[in-house]
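Below are the chains, spelled out letter by letter.
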Amino acid sequence: MATHKRINIGEHVVLRLPSNNFKVCELRADTEISLGKFGAFRVNDIIGYPLGTTFQICYDKSFEEVEQKETKNKAKTPAGNVRILSDRLSVSDSDANGDSETDLSKAPEVATYLSSETNKNLINVGNKIQKLTMEEIEELKKQSVSGEEIIAKMIEAHGSFHHKTVHSQEKYLKRKKQKFAKFFTVESPTSSALLQYLIDKNDVARALDLSQESLGIILSLANVRRNGTYLCVDETGGLLVYAMLERMFGGNALPDQDGKIILVHENEHPNIDLLKFSNYSEEFIKDHVKTISLLDFFEPPGVEEVQSAFTPLSHDALKEMKSNRKGAYYRRLRWYENQLEIIDLATKLSYDGLVVGSTLYLPDLVLQLSTKVHGSRPIVCYSQFKETLLELSHVLYGDLRFLAPTILETRCRPYQTIRGKLHPLMTMRGGGGYIMWCQRVIPVQENDMAALERPKTTESLEDNEVKKQKVE
Amino acid sequence: MSHFSQYKDTIQPGDLALAWVSRDNVKPFRIVPGESFNTRYGSFEHNAMIGKPYGSQIAVRTKGSNKFGFIHVLQATPELWTISLPHRTQIVYTPDSSYIIQRLQCTSRSRVIEAGTGSGSFSHAFSRTAGHLFSFEFHEVRYQQAKKEFEDHGLIADGNVTITHRDVCQDGFTIKPTDTTSYYEGSSAHPHVAVTLDADAVFLDLPAPWDAIPHLDEVIMKNAKVILCCFSPCIEQVDKTLEILEKHGWTDVETVEIQGRQYEARRQMVRKLDDALNRLRDVRERKQVGVERRKRMFTKLLNEEDTASEVRPPTEKTQFNPFGKGSRVKEGDTKFQWKEVTKVEAEIKSHTSYLTFASKIGKISRNEEEVLRELQKVRDGKSNN
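Bear in mind the structure is a predicted one, so any value in this text is a computation, not a measurement.

Reading guide: rules and limits
Residues numbered from 1 in each chain as written. Chains lettered and ligands numbered in written order. Predicted model: local features only at pLDDT ≥ 70, side-chain atom pairs only at ≥ 80, totals over all residues. Domains from an automatic or database assignment. Contact = placed C-beta atoms within 7 Å. Helix = DSSP H or I, 4+ residues; strand = E, 2+ residues; numbered from the N terminus. Nonpolar A, V, L, I, M, F, W, Y, C, P; charged D, E, K, R; others polar. Pairing = 2+ DSSP bridges. Buried ≥ 20, exposed ≤ 12 C-beta atoms within 10 Å, placed from the backbone. UniProt positions renumbered as here; feature names shortened; annotations may be inferred.

Details of the domain arrangement of chain B
Residues and elements named next belong to chain B.
Part 1 of the argument: You can read the domains of chain B as domain 1 (16–76) and domain 2 (80–257).
Part 2 of the argument: One C-alpha centre belongs to domain 1, the other to domain 2; they are set 35 Å apart.
Part 3 of the argument: Of the residues lining the interface, seven residues belong to domain 1; the matching set on domain 2 comes to six residues.
Part 4 of the argument: Within the residue set of the side of domain 1 that touches domain 2, elements represented by two or more residues are strand E1 (16–22) and strand E2 (25–30).

Topic: the interface of chain B and chain A
Part 1 of the argument: At the junction of the two partners, chain B supplies 72 residues and chain A supplies 81 residues.
Part 2 of the argument: For the side of chain B that touches chain A, the class distribution of residues is 27 nonpolar, 25 polar and 20 charged.
Part 3 of the argument: As defined by bridge partners, strand E13 (residues 402–416) of chain A adjoins strand E12 (residues 251–269) of chain B across eight bridges and the pair is classed as antiparallel. Looking across to E12 of chain B, one finds that Leu-408 of chain A is bridged to Gln-262 of chain B.

Here we look at the domain arrangement of chain A
Size of an interface, as often reported, equals the accessible area lost when the parts are brought together.
Residues and elements named next belong to chain A.
Part 1 of the argument: As far as domains go, chain A holds domain 1 (1–64 + 78–86 + 107–188) and domain 2 (194–440).
Part 2 of the argument: Measuring from the centre of the C-alpha atoms in domain 1 to the corresponding centre in domain 2 gives 40 Å.
Part 3 of the argument: Between domain 1 and domain 2, the residue contacts involve eight residues of the former and eight residues of the latter.
Part 4 of the argument: Counting only elements with at least two residues in the side of domain 1 that touches domain 2, the list comes to strand E1 (12–16) and strand E2 (22–26).
Part 5 of the argument: Within the side of domain 1 that touches domain 2, the residues separate by chemical class into three nonpolar, four polar and one charged.

Things to note about the pairing of E1 of chain B
Residues and elements named next belong to chain B.
Part 1 of the argument: The buried fraction of E1 amounts to five of the seven residues, a majority that puts the element mostly inside the structure.
Part 2 of the argument: Pairing analysis gives six bridges linking E1 to E2, with the strands arranged antiparallel. Within E2, the position partnered with Ser-22 by the bridge is Asn-25.
Part 3 of the argument: Here E1 hands over to E2 after two residues, the two strands then running antiparallel side by side.
Part 4 of the argument: Judged from the four bridges that link them, E1 and strand E6 (residues 68–75) form a sheet pairing that is antiparallel. Each residue of the ladder has a partner; that of Ala-17, found in E6, is Gln-75.

Quick word on unusual backbone geometry
Part 1 of the argument: That bond from Ala-115 of chain B to Gly-116 of chain B is cis: its omega, -10 degrees, falls within 30 degrees of zero.
Part 2 of the argument: Position of Gly-116 of chain B relative to the elements: it lies in the loop between strand E7 (111–115) and helix H3 (121–129).
Part 3 of the argument: Unusually for a residue other than glycine, Asp-209 of chain A sits at a positive phi of about 65 degrees.
Part 4 of the argument: Inspection of the secondary structure puts Asp-209 of chain A in the loop between helix H5 (191–200) and helix H6 (212–221).

Side note on the UniProt feature "binding site: S-adenosyl-L-methionine" (unreviewed entry) in chain B
All names here are of chain B.
Part 1 of the argument: The UniProt feature table records "binding site: S-adenosyl-L-methionine" (unreviewed entry) at Glu-137, Asp-167 and Asp-205. A maximum C-alpha distance of 12.4 Å is found for the annotated residues, which run over 69 residues; spatially they form one tight group.
Part 2 of the argument: With respect to the helices and strands, the residue Asp-167 is situated in the loop between strand E9 (161–165) and helix H5 (168–171).
Part 3 of the argument: What Asp-205 contacts, discounting residues up to four positions off in sequence, is Val-92, Ala-115, Gly-116, Gly-118 and Phe-231.

If you want it as structure tokens, here you go:
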């Protein structure tokens, strides 16, 4: 199996819980990971399986007794054994692993219960219909009874389960499974998974309210690919950079790739916090993500200035240097190389695309950064609000260096995906932002125009004509 | 030569370029010295473009008038190609294709199956990102056209695109040396060995995806997560697809729909209530002048004064015209005040297709010995430190 498709030691993964919430974890050998009420598991047990595998946490009785004796700290969730599930929905299913020693009979399936054609006999009496009390259920959970058993007991104690329709029973089971079942899916930390993680944490404001569909279209419109050098402003905590790296290099580092992202940041230090969840080495990120402050980008130091402040020593001179001075020398050398790199990034490069996700005033920012973008390369700008892009579009319309600025919106509408009951979900997440897309172009030069045969019309007509065609 | 996978600096002979005439008139053309690109604005000589940087605006004097015509010469990208391409079939537009690529977790390591190729619009987007794209087309003529196009665009030479003539619903996805395919034309491919597709992303744009899905097991990656997307316009197709997905062990099934919208940046004149009131007052006052004049005339007539006909003063146009009524006002005219607004495009794509996603891991297992070795390695590494 290719390593990028596998659960590896030392890498970050995203765990999808029964509640469909996401959790980001680093898989350290010989440790345990606790999922709270969904149980805990040993990392070693899941290493080597394909990413995307769903594991069930099982607690058998003998195991339980040992664990109870050993664990002095009651608050700590004991780690159970894991078993592979073929499907998140069929919690009781165990054929994938072959060992079905756990009681299949206890697993509740709709087919095993009586149901009703309609719900005409179903009277809503609230909680009273459930004979098990909260305390009793909590007690069952403490005894580490499996999720299925708890659900089976709850159905037994449910006064009118047989009055529900099959469909409604299925819904009930699914809901209860999400609550009591102990399973998790190990997913690769893709940009989409990280975004979903932020959404679940109610933290998507940090990523400027971005949606998966907006993220996808930004990357496509910006023509992000492995060999480009891109200029980027990212106020999403690094999600944009993360997603660009993913499109360029796949999940983890590929050797011999020359693509680069130049991240321009407004504070003294860049905020690419989310990159800590990536599985790239620090060195790889250093090689492919160059960070530079707005000030350094627009007002880079002069080459002479830098060179007069420091002169690298020859190899021989360095050999003779005392070791206590060497440290200082290397610090200065790093500074020197960094300064020269800043000068290169700010002055020598012509970028293959500009990707902006920023709350800075866009007309100024985009106009100035665009001077560094090569002709026929895309400029893509994301904003949570249409109005800021509208203002930007008007400014770009009036500037001949930009072709066809367009404001786009893309929304994904999820469906209830059940045979015979397909319909759009009743509610979905609002927001997701807007995108401005245009091409950087090079307006015709005055002397090029003059070279064409001069007409007897006035200059102003020509100017208007240039504009008119642009707007078309 | 690849026209898509390399960033080009200047326009060179032999390049595939796009001429942007207007938003809905973008034309692909080949740069050939001595030839010209003709539009109704004029004829643009290729020689005037060669050597200029991509993105250059090119001017030409329009025949018989004193105006200029302009085009921009752009380097093709999959998205610009989608706008300009010759339609052989209905195509997958960027809002859908970009979402699908994102959701299939398509990266430079992905091995992607696409069936059918159609107009090849999505193939271009896949080829930009994927490690390898295996595209299948059952229509012979469309296969030939698409294959030629991929060759002309350098996609085949780039080495990461294979196109095969095949009805995948009937004959599955396995590529053998006897097939009509571009695969064995590459120098690296062994001419006698069947291809290991080992796909981990699948896109099915077929009228009956349920006939193709059972064949997938033979060609998808084993012991790894594979993601599938079916692109179907009808809900009945989705329903039937769901049945077969369940039967063949695909899980995490979800159908979604993508709605893409484009907005135009426009301006609306700010027309204040006070100005409207003042305008009405102005009209009333001017009317009053006329009324009074007529009243005077009438009285004179009653008094049988001979000099009845008072000279009618010429009606002067009012100076007060806050909204530029009666004249053609250009949007954004600086003599007026404007509010910036967005206008949604006149015709929107209200439905493209349903996208049904599913995933599958065929045969989950791990190499226990390998895992033990790896764990030991980590422990050794720790104790050394």
